[in-house]
Structure formats: C-alpha cells, structure tokens
Amino acid sequence: MSWARMLLVGAIIALGAAFALSEFARRNNAQKLNIVAAELAETREVADAALRAVISPDIVEMAQQSVYQIQNLNKGRLLGHGTAFVVDQERGILVTNAHVAIEFYRSNAELAIQRHGMTEKIQVRNVKIHAGYGQFRRLVETYAPIRMNELVDELALVELGDLSFDVGLLFVEPLDPETGEYVLGPALQIAGDEALLKLKNGDPISIIGYPNDRMDSGADTEQPTFRVVRGIVSAIVSPLSRSGDVNPALSNLIAHRMETARGNSGSPVIDGNGLVVGVHSHGAVYQNESTAQRADAVRDLLEPLREELRLSDLFVPDWKATLEQWAKAEDIVPWAIYFENTTDAFGRDDMTVKEALEREPPFRVELSQRRFTSFNQPSRPFLLPAEDLVTQDDSEDGNEDEEASIEPIPVFRLGAAGDYYSRTFDVSSNDTFAIFAYDYAISGGPSHCSLSLFARFLDEDTIYSFEPGAGDLYTAVVISPVEDAADTEDETYMNIVVRRDARQRNGEPTPCDTRSRNFSLGIMKWPTNTSNDIATAALQLDPHHGKSITTVNDAPATIRMFRAAHCMARPRADECRRAKIDNWAQEYRTRAAIAASHAETP
C-alpha cells in the first residue's frame, strides 16, 4: 500500500472516530439536558402542587366570578385593556389601576367591563383616582433627583417609576333596569390592615386577570378568558427605596416574579384565604420583579378621610425626606450650563454634584414649573405670532387722523408634532444669558423627555432651533452680547418656544412619559467674559445654514437648524466643546463663500 493511500485511510479513520466522539458527546449532553428538564418540570410540578394546596382551585374559581376585563374603546375600536374586580356589589364599585382608570378622562374614550360568559358590556359611568398617585408624581417630577456623587459634566438622573398608589375605582350602574338584579358578581373581601402589615417575603399569592389571551397576542373583547398565576411575595418595598423600610406601613408595594402580561393591570392579588392583599400594577420594571399595590391603598379609596390623613401625616413627609438624599435638578443644572459655556477653571473636570452645590454660584438663576399650553394636539402645527414684524404706514394724503394701513400679522409655523409652550424674555444687558428647559418624567422607561428650543430675537425674521443630543437632560440657548455693541442700552427681547415630541412619532410611541403637561423652564445670567467664544458662536453661526418654511398670511420667515453646544457625559468635555466650535467656524466659512456668489433670498 502506498504512503498516500495509507494517509488517506488514516484520515478517514480519524474523521470517523472524531464524528463518533462528537455524536457520543452530543447524545450525552442531550441526555443530561433531558434529565435537567425533567428535574425542572418535576420541581415546578411540586411547587405548583404546593401553591395549589395553599391557594386552592375552589378559592380561585370563586374569586374569578368577580374579576372583569376593562376595555378602553373609541367608537368601538379597542385602544387598550386591563383588569378590574368588584369591591362593592350593591353600589356597583370595582377596583383597578389609576393608570387604567384615568383613561376615562381622555377625549372620545369609553370604558366598559366584561367577563367570560357575558353577552353585553357594562358601561363605566365614573372613576376615582387615589390622591397619592398624582401627589407622588408631581412631587418627584418637580424635584427631578440627580445623583450626588456623579461629575457635573456627567449628570446622572435617578430613574424612578410611577409606582405609588396606582389604584382607582370604577363606578357602574349596580342594577339591571329590566330584572332589578345586581349586574356585578359578589365583592371580593379586602384583607385587614393587621394582616397586610404582616405580609412578608415568601408568602404565597395568586393573580387573577385578563392578559392578552390570543395566539396573535391580542385581546378577545367579546368572550375574554381569565388567566391565573401562582407564586410568592419576593419583597415588600416602598416606591423610593428598594431595600425596604423600617416602618412596614411605608413599604406598600408587593414585589413578585410571577409571569404577567399586558392586560393584567388591575388584577387582584389574593392570599390563601381568598382575601385581596394587593392590586397588580406593573410588569417587570426592576431586576425582573413585577409590582403590585398593597391593598391598604384600596381601603384609602373607600374611606376618603383615611386617604387624606395617611398621605399628609405619613407618606408625603417620608417621600420628601427620602428625596433629600439626592440633588435637585434645579440646583445643579445651572452649574452644568455654566461650566459648559465658560472658560472658568473652577476645577470642573473632576467636580462632583455635591462639591458644586457647596460653592457660591457665580451666576443668578430663576427657574419655575411651566405647563405646555398646546398639549396633546399632535396633528396641529404650532403658530407663533410675530406682531413685532408688523409695519404701519401713514395714508397717502398724509392725514394723521386717517386709519393707518396695517399688514397682516406674520406667523411662524412650526410643523413638527408635539406639545408647545412659548414665552418672551428680556435679555437686554451686558451679561451672558442662558435659557434652558428640561422635563423629568417618572415612568417605566427613561426618566426624562427630550425638549427642543426655538429662539428668535424680536424684530428679526429668523428662528434658530436647538435640538438636544441623545441622552441629554436639558437643552439650553446661550445669548452673549457682541463686543462692538457692549455699551448699548437698547432693550432686547427674545421669543423662546419649547417643544416636546408628540406621544407618537411615525406611529410609534416616544420613549418618554408625556401624561403630564408640566416641565421646568429657567433663565440664568453671569458677567460676560470677552474671551468666551463658545457663548457667542451660536449667534454667529452662518445665516445661510437653514431652510425656508411656509408661514400663514404669506409672511416671510426662515427657520435655521443647528445643534446646541452640548457635551455632557463626555470624559473630555472641554475638547468636545472646542471641537464643536471649530466645526461651526469651518462650516461658517464654507457656506459664507458659497453664499457670496448667490443673491440672498429674503
């Protein structure tokens, strides 16, 4: 046999041996996986059996007679759905989440309830939201917590969810007008305060609700089918502290790791005695843990005086004290803007938020909470009147008594969908001004909404647009006097328009929570540094860098588009800022050269 043939035979034998070993390993691994899968299935079966022994099928079957699917309809079209359960059969009262019940106030919204076996839906005639739901949101969003130990150039928001007191009541007509019988099933019993305060990690619980129940992940609105999941309490926490509180009354959230889905919002959480201990409110928003509101919040809704006293004497003081561990955005954002737009050393490259707040600020600032005046009108453009551009001419015969001819008022049309607010600021001084805005929002997603600013000097027909960068907390417009006009005493005013993106962009929801129309708007100023090129660059940007837009009344107007100098969360913020200014200067020279060879368009 030749060497070549021997080598070929050897290679075939080696290949066969390798294949045999691979197949043996594969089968061995598959066998091991099958063993693990069998053990896991057996463990789950044992756990389910144990939970069934604690929360029996009879208890679940009895409870489901009082659980309903709640549907948010608009002219018969399903906009969303959740779950509700009966707490007062005689008065026609059900419990659900505040974020479900609040849809009752949406324009053209219609809430109805239904459960499996019903032929007709029951209309919701009124709702009530727990007062703590709005109070918690307003308090936290106004505070806008910032982490103390982060650098001023890298501000880090504390992301908090709208987890507090997310419960509400639904009211329906209790009696059938034809039969005189109750339209709702029997009321579920709420666990007493003593039992609720003793609720602890490891206690068995069960959730009954109406999640998406079709193969296409939709919801059956005609014959919905309820779902039951069993599990245990994984933690009892508060909305501002994940580690739990010493006072069990303040830890009013039930964390669990049961599988829930869209539509489970408002589902009752019951214990082994069939008593309601919670109301499921949020899917996995923190370390794969879902959240339910402890049922003492339901007792608050049924006893208004109790609700008021517990909020004023217990929860609100605790929320305020807990928030003080973080910095307020209104205190530190001006520092970030000042560092970003000055050459003041101040040791800012490594200055933390805590260190900055210990210093005397070299600027003056005024900040207030504002409300979007054009709110939830995503299909309408925003119109900014410009009365200052109106000119008046005397009549031809020179008679001063004759009525002067007045041109139509020019209006700037901002067509992008969103919520809008406009205000005029006096910026007539030799100081440098910064006008800024931010919108902290508690939700299950990012904790702030990006805001765009539009700026226009009165008597000018140009609007500049300042767009935030990805992840930027705030957007700012910086106005610095020109050197050769430093001694002017003329008053200068500026129109500022704030825009928050519409709830939907191209049919997709925006990544911020826009349920609140509030946001923060501030103005600050500091002595102008003549060596500061960063602050003046924005106003010296190439005037031909932009595009024309149509305005009503055929008024001439131009909107200029460019990004604000914003370099937060960068390790070398100074270099970043300088690079942006260099890019702007180069773009200015290039476009100016092109514009010089063309006639200027008004």
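Throughout what follows, the structure given in this document is the object of discussion.

Conventions used here
Residues numbered from 1 in each chain as written. Predicted model: local features only at pLDDT ≥ 70, side-chain atom pairs only at ≥ 80, totals over all residues. Heavy atoms only, no water. Pairing = 2+ DSSP bridges. Helix = DSSP H or I, 4+ residues; strand = E, 2+ residues; numbered from the N terminus. Axes fitted to C-alpha atoms, helices over the stretch in contact; angles between N-to-C directions. Salt bridge = Lys/Arg side-chain N within 4 Å of Asp/Glu carboxyl O. Buried < 20%, exposed > 50% of the residue type's maximum accessible area, 1.4 Å probe, protein only. Contact = heavy atoms within 4.5 Å. Polar contact = N/O pair within 3.5 Å; in protein donor to acceptor, adjacent residues only side chain to side chain. Arc of directions from axis to C-beta. Phe/Tyr/Trp six-rings, centres within 6.5 Å; stacked < 30°, edge-to-face > 60°. Core = buried A, V, L, I, M, F, W, Y, C linked by side-chain atoms within 4.5 Å.

## Overview of the sheet that holds strand S4 (residues 110–114)
Next, step 1: Here six strands make up a closed barrel; going around it, the order is S1-S2-S3-S7-S5-S4 and the pairing antiparallel. Between one strand and the next, the sheet's axes are offset by a mean angle of 45°, whatever the strand orientation.
Next, step 2: The pairing of strand S1 (residues 67–74) with strand S2 (residues 77–88) spans eight bridges and is classified as antiparallel. Each residue of the ladder has a partner; that of Gln-71, found in S2, is His-81.

## Considering the pattern of salt bridges
Side-chain pairing between opposite charges can occur once the charged atoms of the two side chains come close.
Next, step 1: By the definition in use, this model includes 15 salt bridges.
Next, step 2: With a closest N to O distance of 3.0 Å, Arg-137 and Glu-141 form a salt bridge. One end of the pair is Arg-137 and the other is Glu-141, both in helix H4 (residues 131–143) and four residues apart, which spans about a single turn.
Next, step 3: Residue class for Arg-137 comes out buried when judged on its relative accessible area of 10%.
Next, step 4: Linking Glu-194 and Lys-198 is a salt bridge whose minimum nitrogen-to-oxygen distance equals 3.3 Å.
Next, step 5: Classification of Lys-198 as exposed rests on a relative accessible area of 55%.

## Here's the deal with the environment of Tyr-440
Next, step 1: Within the secondary structure layout, Tyr-440 lies in strand S21 (residues 431–440).
Next, step 2: Its relative accessible area of 2% is what places Tyr-440 among the buried residues.
Next, step 3: Along the backbone, Tyr-440 and Cys-512 are 72 residues apart, and their C-alpha atoms lie at a distance of 9.2 Å.
Next, step 4: Setting aside anything within four residues of it in sequence, one finds Tyr-440 in contact with Val-140, Glu-141, Ala-144, Pro-145, Leu-157, Val-158, Glu-159, Leu-160, Ser-447 and His-448.
Next, step 5: At 2.6 Å, the side chain of Tyr-440 forms a polar contact with the backbone oxygen of Val-158.
Next, step 6: Looking at Tyr-440, its side chain comes within polar contact range of the main-chain nitrogen of Leu-160, at 3.5 Å.

## With respect to helix H2 (residues 57–64)
Next, step 1: Within H2, the full set of buried residues consists of Ile-59, Val-60, Ala-63 and Gln-64. Viewed end-on, H2 has its buried residues packed into an arc of 125°, placing them on one side of the element. Seen from the buried face of H2, the exposed residues on the opposite side, beyond 90 degrees, are Asp-58, Glu-61 and Met-62.
Next, step 2: Elements in contact with the buried residues of H2: S1, strand S8 (204–209), strand S9 (227–237) and strand S11 (268–270).

## A closer look at unusual backbone geometry
Next, step 1: Even without being glycine, Phe-165 reaches a positive phi, approximately 50°.
Next, step 2: The topology assignment puts Phe-165 in the loop between strand S6 (145–146) and strand S7 (168–172).
Next, step 3: Phi at Asp-459 takes a positive value of approximately 75°, unusual for a residue other than glycine.
Next, step 4: Assignment of secondary structure puts Asp-459 in the loop between strand S23 (451–457) and strand S24 (462–467).
Next, step 5: Among the residues examined, Asp-459 registers a relative accessible area of 59% and is labelled exposed.

## Comments concerning the packing of aromatic side chains
Next, step 1: On inspection of all chains with the given rule, the structure shows 13 aromatic pairs.
Next, step 2: Aromatic side chains Phe-165 and Trp-319 sit 6.1 Å apart centroid to centroid with 65° between the ring planes, which places their arrangement in the edge-to-face category. Highlighted residues: Phe-165 in the loop between S6 and S7 and Trp-319 in helix H7 (residues 304–323), separated in sequence by 154 residues. Like Trp-319, Phe-165 is buried.
Next, step 3: Their ring planes at 65° and their centres at 5.6 Å tell us that Trp-335 and Phe-339 sit as a pair that is edge-to-face. Here the residue Trp-335 and the residue Phe-339 both occupy positions in helix H8 (residues 329–340), the gap between them amounting to four residues, near one helical turn.
Next, step 4: Residue class for Trp-335 comes out buried when judged on its relative accessible area of 3%.
Next, step 5: Given the relative accessible area of 0%, Phe-339 is considered buried.
Next, step 6: An aromatic cluster of three or more residues is present, and its members are Trp-335, Tyr-338, Phe-339, Phe-363 and Trp-526.

## What about the nonpolar core?
Next, step 1: Ranked by size, the top nonpolar core spans 77 residues in total, and within it Phe-85, Ile-146 and Val-333 carry the most contacts.
Next, step 2: Counting residues per element, this core draws most heavily on H8, at eight residues.
Next, step 3: Among the nonpolar cores identified, the runner-up in size contains 22 residues, and Ile-435, Leu-451, Ala-455 and Phe-519 belong to it.

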